[in-house]
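# Chains, contacts and geometry: an overview
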Amino acid sequence: VQLVESGGGMVQAGGSLRLSCTASRSIFWTYKMDWYRQAPGKQRELVASDDSTKSPDSVKGRFTISRDFGKNTVYLQMNSLKPEDTAVYYCAARRPVAAVGEYDYWGQGTQVTVSS
């Protein structure tokens, strides 16, 4: 297993969660890491990227991606959560020259449920 996610759970609207994606050292230090989500019946959607300009309007100003180089971990900080943020969240790794969408590795996903 190359990417391991954690931190999902249930939270009330307006709350915050921080998701973690721990990678092997070689992947963390070499690859770009992005976060996606997939809600029931919907397509998988990019929510945060190492190419920081790429995120949908629905999460701008609320979701932030960051890295902890000492822990080989990428975080997704999610604030002001809304019920429509409910989804399974995935981290994904791509080579530095690869475009968003061209991934070599995916995490197993972690469920986030936001209640109203």
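So, how was this worked out
Residues numbered from 1 in each chain as written. Predicted model: local features only at pLDDT ≥ 70, side-chain atom pairs only at ≥ 80, totals over all residues. Heavy atoms only, no water. Helix = DSSP H or I, 4+ residues; strand = E, 2+ residues; numbered from the N terminus. Rg over C-alpha atoms; globule rule 2.2 N^0.38 Å. Contact = heavy atoms within 4.5 Å. Salt bridge = Lys/Arg side-chain N within 4 Å of Asp/Glu carboxyl O. Buried < 20%, exposed > 50% of the residue type's maximum accessible area, 1.4 Å probe, protein only. Polar contact = N/O pair within 3.5 Å; in protein donor to acceptor, adjacent residues only side chain to side chain.

### Brief notes about the overall build of the protein chain
Looking only at helices and strands, one finds one helix and ten strands in the protein chain. Secondary structure elements of the protein chain occur, N-terminal to C-terminal, as β-β-β-α-β-β-β-β-β-β-β. Relative to a compact globule of 116 residues, whose C-alpha radius of gyration would be 13 Å, the protein chain shows 13 Å and is just as compact. In terms of its C-alpha atoms, the protein chain occupies a principal-axis envelope of roughly 40 × 25 × 25 Å. Taking all contacts inside the protein chain whose residues are at least 6 apart in sequence as the whole, residues at least 24 apart take part in 59%.

### Some points on the pattern of salt bridges
Counted under the stated rule, the structure contains seven salt bridges. Asp 85 serves as the salt-bridge partner of Arg 37, at 2.8 Å between the closest nitrogen and oxygen. Taken together, the residues Arg 37 in strand S4 (residues 32-38) and Asp 85 in the loop between strand S7 (73-78) and strand S8 (87-94) connect sequence positions 48 residues apart. There is no split in this pair, since Arg 37 and Asp 85 are both buried. Measuring nitrogen to oxygen at the nearest pair gives 2.6 Å for the salt bridge that ties Arg 95 to Asp 104. Relative accessible area serves as the criterion here: at 47%, Arg 95 is assigned to the partly exposed category.

### Considering the side chain of Thr 73
Within the secondary structure, Thr 73 is located in strand S7. A polar atom in the side chain of Thr 73 sits 3.0 Å from the side chain of Thr 22. If near-sequence neighbours (up to four positions away) are discounted, Thr 73 is found in contact with Ser 20, Cys 21, Thr 22, Phe 28, Ser 66, Arg 67 and Asp 68.

### Observations regarding the environment of Asp 34
Relative to the helices and strands, Asp 34 is located in strand S4. Residues within four places of Asp 34 in sequence aside, it is in contact with Leu 46, Ala 48, Ser 49, Asp 50, Tyr 90, Cys 91, Ala 92, Arg 94, Val 100 and Tyr 103.

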